Structure formats: structure tokens, C-alpha cells
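Here's the letter readout for the chains.
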Amino acid sequence: AADLTGMATHVGDGRYDWSQLSMMPTLLTGLSVTVPELRPENFLHGSFQDNPHDKALLLGCHNGLDPARAAAIGRLRANDFHGTTPQDAEIFARALKRISLPLGPASGPMLVYAGGADRLIDARWIHAAVRRACAMGDTVQEIVAPGKGHVDPEGERLGVQWIADRFAGIPPPSNC
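These numbers come from a predicted model, not from an experiment. (Residues numbered from 1 in each chain as written. Predicted model: local features only at pLDDT ≥ 70, side-chain atom pairs only at ≥ 80, totals over all residues. Heavy atoms only, no water.)

**Here's the deal with helix α3 (residues 52-59)**
Owing to its 3.6 residues per turn, the α-helix aligns residues three or four sequence positions apart on the same side. Among the residues of α3, Asp54, Leu57 and Leu58 are the ones counted as buried. Down the axis of α3, the buried set is contained in an arc of 95°. They therefore lie on one face. In this fold, the buried residues of α3 make contact with α1 (18-34), α2 (47-50) and α4 (67-75). In this structure Asn51 caps α3, since a side-chain oxygen of it lies 3.0 Å from the backbone nitrogen of His53. (Buried < 20%, exposed > 50% of the residue type's maximum accessible area, 1.4 Å probe, protein only. Helix = DSSP H or I, 4+ residues; strand = E, 2+ residues; numbered from the N terminus. Arc of directions from axis to C-beta. Contact = heavy atoms within 4.5 Å. Polar contact = N/O pair within 3.5 Å; in protein donor to acceptor, adjacent residues only side chain to side chain.)

**Details of the layout of surface pockets**
Roughly 450 Å³ of internal volume is contained in the largest pocket. Lining the largest pocket we find 26 residues, and of these Ala1, Ala2, Val112, Tyr113 and Ile126 sit closest to its centre. Here the element with the most residues in the lining of the largest pocket is strand β1 (residues 110-115); it accounts for five residues. Split by residue class, the lining of the largest pocket holds 17 nonpolar, five polar and four charged. Size it by volume and the second largest pocket reaches roughly 300 Å³. Forming the walls of the second largest pocket are 14 residues, and the residues nearest its centre are Trp18, Ser22, His62, Arg69 and Ile73. Counting residues per element, the ones that place at least two in the lining of the second largest pocket are α1 and α4. Looking at which element gives the most residues to the lining of the second largest pocket, the answer is α1, with five residues. Across the lining of the second largest pocket, the residue classes break down as six nonpolar, six polar and two charged. (1 Å grid on protein atoms, 1.4 Å probe; cavity = no way out; pocket = protein on both sides within 12 Å on 5 of 7 lines; lining within 4 Å. Points joined across faces, edges and corners; volume = space filled by probe spheres on them. Nonpolar A, V, L, I, M, F, W, Y, C, P; charged D, E, K, R; others polar.)

**A look at the packing of aromatic side chains**
On inspection of all chains with the given rule, the structure shows two aromatic pairs. On the numbers, 6.4 Å between centres and 75° between planes, the contact of Tyr16 with Phe81 is edge-to-face. On the criterion of sequence distance, the pair formed by Tyr16 in the segment before α1 and Phe81 in the loop between α4 and α5 (88-99) is long-range, its members being 65 residues apart. For the pair Tyr16 and Phe81, a shared accessibility class is recorded, and that class is buried. Centroid distance Phe43 to Phe92: 5.6 Å. Interplanar angle 50°. Geometry classified as tilted. Of this pair, Phe43 sits in the loop between α1 and α2 while Phe92 sits in helix α5, and the two are 49 residues apart along the sequence. The burial state of Phe43 is the same as that of Phe92; both residues are buried. The ring of Trp162 carries the charged tip of Arg166 above its face, separated from the ring centre by 4.8 Å. (Phe/Tyr/Trp six-rings, centres within 6.5 Å; stacked < 30°, edge-to-face > 60°. Lys NZ or Arg CZ within 6 Å of the ring centre and 35° of its normal.)

**What to know about the nonpolar core**
One finds Met7, Tyr16, Leu27, Leu38 and Phe92 to be the most contacted residues of the largest nonpolar core, which totals 38 residues. Of all elements in the fold, only α1, α3, α4, α5, β1 and α6 (123-135) reach the threshold of two or more residues within this core. Not counting residues up to four positions away in its chain, the partners in contact with Leu27 are Leu4, Met7, Phe92 and Leu96. (Core = buried A, V, L, I, M, F, W, Y, C linked by side-chain atoms within 4.5 Å.)

**So, the state of the cysteines**
Inspection of every chain in the model, using the stated rule, returns one disulfide. Each sulfur of the disulfide joining Cys134 and Cys176 lies 2.0 Å from the other. Its torsion about the S-S bond being -70°, the disulfide of Cys134 and Cys176 is classed as left-handed. Of this pair, Cys134 sits in helix α6 while Cys176 sits in the segment after α7 (153-167), placing them 42 residues apart in sequence. A residue is classified by how much of its surface remains accessible, and Cys176, at 46% relative accessible area, is partly exposed. (Disulfide = S-S within 2.5 Å.)

Structure representation (C-alpha cells):
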């Protein structure tokens, strides 16, 4: 997730995808560690606040196949995530911008693989980060897999091959 700044565009408009909803509690809580003015409780409403068990499931370590966590995610609604104060959306946007990549030129080549149909991390957000990295002179091979979602075994296979090629001394490709 090279650039999540697009997540800030839906604060309060109820257009988050369910996969994005599942990430919001941990994203907001994690960001609040380094951005104290970002108060997760100002954003997390509905079942997250009303049901302490859901809150524990959504913020705790979990097995990705946990049916209880899946049920807690199912109780979330896009309009459960909104700012309480007029400043909240801007604070969230600034916090996301602060961690968006690249932060500077990379120390080595990169392979960036994105699913064109990923509903969690929009491929356009990743492409924008890649363009910024290219503008800094980085060597980046970007692959966008049309129709693929967030998890794709083909991307894993390509990543392993890409690393093996670097160890074999094959120069890294770049489509910057």
C-alpha cells in the first residue's frame, strides 16, 4: 500500500468498500500513534463503538479466515466512518500523506505489482506512487494485473522470480 491518501477522500460520504472498512480501525489506530491529533474515536462509530467484542476483533491479531471477525466486518457500514469535528478529515488526509511513498529515492530497484480490480488498495493510487518514484530516478518495474484483486498468487510467483533474477545478476527491468 504505497499510497493510501485516497482513503481520505471518502470520510463522511459513505462510499468505503467493505475491504476498506475492514482496514479502517487498524489504519486509524496505527496512524494515531505518530499523529496524536488524529483521534480514532472521532472516526469510528456504529458497531465498532457499540459492540466491544467487535472492537476487539477488528483491532486484535487475527486469522484471516476467522468467521467471528468476518461477522464483525459485516456489521460495519461505510457511514460508520466519519469525522466528529470539522478538522478530522483534514487531519486524516495529512496523516496519510505523511506516510505515502516514496519518501525519497529508493536504495535499490523495485517490483510493484497491483491488482487492477483491487478494491482495498486502488491500483491508481499505486500507479501515482510509482510515477513519483520514477520522477526521483528510481528503477521500477510496475505490473498491473487487469481483473485481479488484492491477493493474487501470480503476483507472488512473479515477485519470487524477480528476486531470483536479481540474485542471478540479471539487470532489473524498469518501465519508468
